[in-house]
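A closer look at the structure
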There are 2 protein chains.
Amino acid sequence: MADIRPVTMAQIAERAGVALSTVSYVLSGKRSVSQPMRKRVLDAIEELDYRPHGPARALASGASHTIALYLPSPQWQLVPIQQTFVAGATQATSVRDYALLLSTAVADPEAVTRLVAQGRADGVILMETLREDPRIERLKAAGYPFSLIGRTGDLTGISFVDMDFSGAIETSLAHVARLGHTCVALFNFAPELLAAGYTAALIARDVFESRAVDLGIRGLHVPSSHTRREAFAIASRLLASEPECTAAITTGWQFTGLLSALRAADLRVPDEFSVVSVIAAQFAEVLTPALTGVDWPAFEAGRLAAEMLIDKLKDKETPPRQHLVSAELV
Amino acid sequence: MADIRPVTMAQIAERAGVALSTVSYVLSGKRSVSQPMRKRVLDAIEELDYRPHGPARALASGASHTIALYLPSPQWQLVPIQQTFVAGATQATSVRDYALLLSTAVADPEAVTRLVAQGRADGVILMETLREDPRIERLKAAGYPFSLIGRTGDLTGISFVDMDFSGAIETSLAHVARLGHTCVALFNFAPELLAAGYTAALIARDVFESRAVDLGIRGLHVPSSHTRREAFAIASRLLASEPECTAAITTGWQFTGLLSALRAADLRVPDEFSVVSVIAAQFAEVLTPALTGVDWPAFEAGRLAAEMLIDKLKDKETPPRQHLVSAELV
DNA sequence: ACGTCCTGTCGAAGCGCTTCGACACTACCA
DNA sequence: TGGTAGTGTCGAAGCGCTTCGACAGGACGT
């Protein structure tokens, strides 16, 4: 129970023998202050271990120096890559002397403007975006700054960072084609995500289907959740009905069920069946039957999304930045 | 660029034809307000879509209604369980109408008091705690409320939630003993973590060694990082030098390297060698050679840690709560 | 020598809220 | 009928900061 009364700017001003406003100008640099005065103020700050009070600052200046990150609804059961986004965003935020507020995006799209409306955050990072995303509509309508991890249908004026999903699928497809496979399955994100219009799933499907045609191979589009059970069931059915299919690409963890199904069907990987998965390298590395994986620099993506947003906050006129981080086969 | 001027309490007061303070009392309930007045105020709030301004509230009341969660330094390379802590804490925080501020705990233990000192948060959640943790010392010295995910040496007066690590090790050990193994290795956390005094690693080591004696089996304590490379090297060396060791317990992802080493040594799992790992069930389920795993309810732990802290914030006199979430073999 | 422009400093007015003390007013008991 | 408790409401004083306008004084031009 120490520090009952934290040090205030008034105490610094008194100790340094200057006006309150002078202290403020030393701190913000918004007006010039003479060397001797500046030194006295800085010394007083040092001696009293002064910390500017965030809320007071936010109230007076109208900016909270905080950004909000909305986590996707847990029921989406997406890949654990999110953690890495968050870590990347946290780091970029700290480095730029901002704070990161976390919130869960509940079903209500209105929730996404709450923290900014309350003055607790200056802008928002959204993830797991949809082609037609009501949350983005709200943010636009309210005029709040935001950036996306992921993409949406209309990208004009929007800052986002996304994985180059189409590139990843193309690369993977080219890889299996080169291995001589003539029929390939894509274990895409869960059907509900496709139905909801989850952009990454739509892109994966479209690119997969058109590139398969280009390459002259059969492409089977198989949505499946990431749970082992469901992927196993779907894969088993597929292996039985389409025996000429000897390769699969998964957009995430569906490979676990797939691998189980292959084992049950007595097909060896990679001799008799090829599997390529789009998951973070940190996981690919850790898996026991070493998979052909595609690296997804998620930390980088989180970092970029935060930086874009903060840049926009600092200078309203910053043009929107759009960045596709690309993936490599590993 | 809509919403240029957000609605303020003064506008509500004017519209409802009451005093500013009355609006405040309606909102906080700290003084009674007559039914008709209350209704007029609530109607005005509804009509104007009023949102109380967080920073102003924090400034006037001295409480930010926000808690801070410090992520461990990234270089620790701990298991991806952290994500689940964060998700759990986020959820509990939202439910209780608090906000969650994320920050990375840099090396400087002083950083851990910054957000509270700046009035941006009312309390702190710490994870990956050490037996002797300078961060905890600082928080205690400053008199800031906090709760831990993990434990420390001196637990008097401290609220924490931790995994029952000793129970997990005991259970695992009993499990392999029942299978008839007479020499078991413990792949503990990395040597640097042990050296730093990471509590979980110390507990794992101590319990493992004493229980092995009790059960009359040989226990080899083998610290190893979670990287596949290092675990592989260590496991290979171990298999060569201690051929009578036919079982291993890992505290995390070291099993990946271990499994590779076993394959290289032509030992089959689980026929010729048993592996038990302490990792979140969500991952155990997903792994292809289905492992004997120990479930670690991390979401629950994050939730509890946040709840404990918020309870303490709401009522200073709340006694500290200490909670060990226990694990089950799956 | 005077006016003009900077530069550096100060005081004061908020930002939107909480909360304290004051003050009607009603209800109740003697 | 007066005194005493409540109730319900209001006004005003902050919370710790930013920022605007004012203004002294020195440096410069003529």
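Description of the structure in this document.

Parameters and conventions
- Residues numbered from 1 in each chain as written.
- Chains lettered and ligands numbered in written order.
- Predicted model: local features only at pLDDT ≥ 70, side-chain atom pairs only at ≥ 80, totals over all residues.
- Near = placed C-beta within 6 Å.
- Helix = DSSP H or I, 4+ residues; strand = E, 2+ residues; numbered from the N terminus.
- Nonpolar A, V, L, I, M, F, W, Y, C, P; charged D, E, K, R; others polar.
- Axes fitted to C-alpha atoms, helices over the stretch in contact; angles between N-to-C directions.
- Left-handed = near helix turned anticlockwise from the far one by under 90°.
- Contact = placed C-beta atoms within 7 Å.
- Core = buried A, V, L, I, M, F, W, Y, C linked by C-beta atoms within 7 Å.
- Buried ≥ 20, exposed ≤ 12 C-beta atoms within 10 Å, placed from the backbone.
- Parallel < 35°, antiparallel > 145°, perpendicular 65-115°, else oblique.
- Pairing = 2+ DSSP bridges.
- Right-handed = clockwise from strand over helix to strand, strands pointing away.

As for the protein's contact with DNA strand D
- The environment of DNA strand D is made up of 28 residues, and the closest members are Met 9, Ser 21 and Ala 60 of chain A together with Ser 21 and Ser 32 of chain B.
- The set of elements that each furnish at least two residues to the surface near DNA strand D consists of α2 (20-28) and α4 (54-61) of chain A together with α2 (20-28) and α4 (54-61) of chain B.
- Here the element with the most residues in the surface near DNA strand D is α2 of chain A; it accounts for six residues.
- Within the surface near DNA strand D, the residues separate by chemical class into 15 nonpolar, 10 polar and three charged.

Topic: the protein's contact with DNA strand C
- Taken together, 29 residues lie around DNA strand C, and Ser 21 and Ser 32 of chain A together with Met 9, Ser 21 and Ala 60 of chain B are the ones closest in.
- For the surface near DNA strand C, the elements supplying multiple residues, two or more each, are α2 and α4 of chain A together with α2 and α4 of chain B.
- Residues of the surface near DNA strand C, tallied by class, amount to 16 nonpolar, 10 polar and three charged.

Brief notes about the packing of helix α8 (residues 165-178) of chain A against helix α10 (residues 199-215) of chain A
All names here are of chain A.
- At a minimum axis separation of 9 Å, α8 and α10 run at an interaxial angle of 35 degrees. Between α8 and α10 the crossing geometry is right-handed. For the pair α8 and α10, contact is made by Phe 165, Ser 166, Ile 169, Glu 170, Leu 173 and Ala 177 and by Ala 200, Ile 203, Ala 204, Val 207, Phe 208, Arg 211, Ala 212 and Leu 215, respectively.
- Tallied by class, residues from the contact of α8 with α10 come to 11 nonpolar, one polar and two charged.

Description of the nonpolar core
- Residues Ile 67, Val 124 and Ile 125 of chain A together with Ile 67, Val 124 and Ile 125 of chain B are the most contacted members of the largest nonpolar core, which totals 168 residues.
- Aside from chain neighbours lying at most four places away, what touches Ile 125 of chain B is Ile 67, Leu 69, Ala 89, Phe 146, Ser 147, Ile 149, Ala 305, Ala 306 and Leu 309 of chain B.

Observations regarding the packing of α2 of chain B against helix α3 (residues 35-48) of chain B
All names here are of chain B.
- Running from N to C, α2 and α3 cross one another at 90 degrees; their axes reach a closest spacing of 10 Å. Between α2 and α3, the interaxial angle falls into the category roughly perpendicular. Two secondary-structure elements touch here, α2 through Thr 22, Val 23 and Val 26 and α3 through Met 37, Arg 38, Val 41 and Leu 42.

As for the pairing of strand β4 (residues 146-149) of chain B
Residues and elements named next belong to chain B.
- Neither face of β4 is open: one carries Phe 146 and Leu 148, the other Ser 147 and Ile 149, and all of them are buried.
- Bridge count for strand β3 (residues 123-127) against β4 is four bridges, and the pairing is parallel. For Leu 126, the partnering residue across the bridge sits in β4 and is Leu 148.
- The parallel pair β3 and β4, bridged by helix α7 (residues 134-142), forms a crossover whose chirality is right-handed.
- With three bridges joining them, β4 and strand β5 (residues 159-163) adopt parallel strand pairing. Within β5, the residue paired with Leu 148 across the bridge is Phe 160.

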